[in-house]
Amino acid sequence: MTLHPQPLAPALAAAEAAGRTTVRLDLDGVRGKAELMRRCGDALRLPEWVGGNWDALADALRDLSWLPVAAEGRLVAVTGWRGYAGARPAEWETFVEVLEEAVDFWRERGPGPGLAVVLAGSEPGPGPGPEPEPEPEPEPEPGPGGGPESGRGPAAGAPPRTPRLKRRRD
């Protein structure tokens, strides 16, 4: 399952019309994990036992017993997320992984109330949709210090790749 940016208003209207409980998680201004965890706690009304770490958030998203149960499940609409994603890409990737795992968990439980997550654009109404993919950077010519063919690591300027985590560390 992959999360794709979607306009917020149609998603919320459709979810409410279908009988889902909706929650808006606004990440505008969030620049670090501690603030992200506080926003999650406030928006999702997380119980006091939920700690400020990835595993605790993942466990809480598999429980959801404190949120009102709707016949068709729950929808979490994440807004204002682009600033955090840009400022803390590794943390953002872990957060998205936590959300994806929670959605998959509820889907695998079979029929009954589940969980859906929508990444909404920052615009209040219908947004422009997903941002276009950036143009790929041209591959640099291998030099004497080594390039991709030298076996000495990625080319200069290549972004580091954070591996997807199975168990998250804090």
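What counts and how
- One numbering rule holds for all chains: residues counted from 1, following each sequence as written.
- In keeping with the predicted nature of the model, local features appear solely for residues at pLDDT of at least 70, side-chain atom pairs appear and are counted solely at 80 or more, and the whole-chain, interface and lining totals rest on all residues.
- Hydrogens are left out, water is left out, and the side-chain values use all remaining heavy atoms of the structure.
- UniProt positions are given in the numbering used here, feature names are shortened, and annotations may be inferred rather than shown by experiment.
- To qualify as a helix, a DSSP run of H or I must reach at least 4 residues; to qualify as a strand, a run of E must reach at least 2; elements of each kind are numbered from the N terminus.
- Note on exposure labels: buried denotes an accessible area under 20% of the residue type's maximum, exposed denotes more than 50%, and partly exposed covers the range between, all computed with a 1.4 Å probe on protein chains only.
- Here, residues are in contact when the closest pair of their heavy atoms is within 4.5 Å.
- For every accessible area listed, the method is Shrake-Rupley and the probe measures 1.4 Å; residues are considered covered only by the protein chains on display.
- To obtain each axis, a line is fitted to C-alpha atoms, and for helices this fit is confined to the stretch in contact; angles are then taken between N-to-C directions over 0 to 180 degrees.
- With respect to orientation, any angle under 35 degrees is reported as roughly parallel, any angle over 145 as roughly antiparallel, any angle of 65 to 115 as roughly perpendicular, and every other angle as oblique.
- Working rule for handedness: look at the near helix, and if it is turned counterclockwise from the far one by less than a right angle, call the crossing left-handed; if clockwise, right-handed.
- Charged means Asp, Glu, Lys or Arg here, nonpolar means Ala, Val, Leu, Ile, Met, Phe, Trp, Tyr, Cys or Pro, and polar covers whatever is left, Gly included.
- Confidence per residue, as judged by the predictor, is encoded in pLDDT with a range of 0 to 100.
- Here, strands pair whenever DSSP counts at least two bridges between them.
- Residues enter a nonpolar core if they are buried and are Ala, Val, Leu, Ile, Met, Phe, Trp, Tyr or Cys, with the set joined through side-chain atoms within 4.5 Å.

By the naming in an unreviewed UniProt entry, the protein is Barstar (barnase inhibitor) domain-containing protein, taken from Streptomyces virginiae. The annotation that UniProt attaches to the protein under Sequence similarities (unreviewed entry) is "Belongs to the barstar family."

Caption draft 1: Region of interest: the overall build of the protein. Counting its regular elements, the protein contains 5 helices and 4 strands. Shown N-terminal to C-terminal, the secondary structure of the protein runs as helices and strands in the order β-α-β-α-α-β-α-α-β. A burial count over the protein gives 38% of its 170 residues as buried. Long-range contacts, defined here as pairs at least 24 residues apart, represent 71% of the contacts in the protein between residues at least 6 apart. Of the roughly 10,100 Å² of accessible surface on the protein, a fraction of 53% belongs to carbon and sulfur atoms.

Caption draft 2: Geometry of the packing of helix 3 (residues 54-61) against helix 5 (residues 89-108). The interhelical angle for the contact between helix 3 and helix 5, taken along N-to-C directions, is 25°, at an axis separation of 9 Å. Considering the angle they form, helix 3 stands roughly parallel to helix 5. Relative to helix 5, the crossing made by helix 3 is right-handed. Where helix 3 approaches helix 5, its residues Trp54, Leu57, Ala58 and Leu61 are matched on the opposing element by Glu91, Thr94, Phe95, Val98, Leu99, Ala102 and Trp106. The residue inventory of the contact of helix 3 with helix 5, partitioned by class, reads 9 nonpolar, 1 polar and 1 charged.

Caption draft 3: Region of interest: the confidence of the model for the protein. In this model, the protein carries an average pLDDT of 74, and 66% of its residues clear a pLDDT of 70 or more. A low-confidence stretch, residues 123-143 (pLDDT under 50), is modelled with 13 contacts involving residues beyond four sequence positions or located in other chains. Segment residues 145-170: pLDDT under 50, and 35 contacts once partners within four positions in sequence are set aside and those in other chains are kept.

Caption draft 4: Spotlight on the environment of Gly86. Here Gly86 shows up in helix 4 (residues 82-87). As a C-alpha pair, Gly86 and Arg31 span 55 residues in sequence and 9.0 Å in three-dimensional space.

Caption draft 5: Main features of the pairing of strand 4 (residues 115-120). When you tally the buried positions in strand 4, you get 5 out of 6 residues, the bulk of the element. Pairing analysis gives 5 bridges linking strand 3 (residues 74-79) to strand 4, with the strands arranged parallel. The residue of strand 4 that forms the bridge with Val78 is Leu119.

Caption draft 6: Broad picture of the nonpolar core. By size, the foremost hydrophobic cluster in this structure holds 35 residues, and its most contacted members are Leu27, Val78, Trp92 and Phe95. Elements represented by at least two residues in this core include exactly strand 2 (21-26), helix 2 (33-44), helix 3, strand 3, helix 4, helix 5 and strand 4. The element best represented in this core is helix 5, accounting for 8 residues. The residues touching Leu27, leaving out its near neighbours within four places in the chain, are Leu36, Arg39, Val78, Thr79, Gly80, Trp81, Trp92 and Phe95. Core analysis: the second largest hydrophobic core is formed by 7 residues, Leu12, Ala15, Leu75 and Val118 among them.

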